[in-house]
Amino acid sequence: MSTEVVLPKLGFSMQAGTVTEWLIADGAEVKEGEPLFLLEADKATNEVEAPASGKLTIIAATGEELDVGTVIGRID
């Protein structure tokens, strides 16, 4: 069963954010709770953890502003 990785809402007013860096390579194994990517929003950068364990498939490239809730990856 796969788990979608979505752009999280980190603050009440947050509408969009930018993945500035993937900390795990596409196709690599990731463990739940491990730092997965850096998210820039509202002039702050936050580390976002993996929601599940498995093989990461990256969908969204870095540097593009995306809406909260956008699927940016998948963990199988």
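The following refers to the structure shown. Since we're looking at a predicted model, the values are computed, not measured. (Residues numbered from 1 in each chain as written. Predicted model: local features only at pLDDT ≥ 70, side-chain atom pairs only at ≥ 80, totals over all residues. Heavy atoms only, no water.)

## Digging into the packing of aromatic side chains
Alright, step 1. With the rule as written, the count across this model stands at one aromatic pair.
Alright, step 2. Judged by centre distance (5.3 Å) and plane angle (50°), the ring pair of Trp-22 and Phe-37 falls under tilted. Of the two residues, Trp-22 sits in strand 2 (residues 16–22) while Phe-37 sits in strand 4 (residues 35–41), which places them 15 residues apart along the sequence.
Alright, step 3. What makes Trp-22 buried here is its relative accessible area of 13%.
Alright, step 4. Against the face of Phe-12 rests Lys-9, its NZ or CZ located 6.0 Å from the ring centre. (Phe/Tyr/Trp six-rings, centres within 6.5 Å; stacked < 30°, edge-to-face > 60°. Helix = DSSP H or I, 4+ residues; strand = E, 2+ residues; numbered from the N terminus. Buried < 20%, exposed > 50% of the residue type's maximum accessible area, 1.4 Å probe, protein only. Lys NZ or Arg CZ within 6 Å of the ring centre and 35° of its normal.)

## What to know about unusual backbone geometry
Alright, step 1. Phi at Asp-42 takes a positive value of approximately 50°, unusual for a residue other than glycine.
Alright, step 2. Along the polypeptide, Asp-42 turns up in the loop between strand 4 and strand 5 (44–49).
Alright, step 3. Backbone geometry places Lys-43, a non-glycine residue, at a positive phi of 65°.

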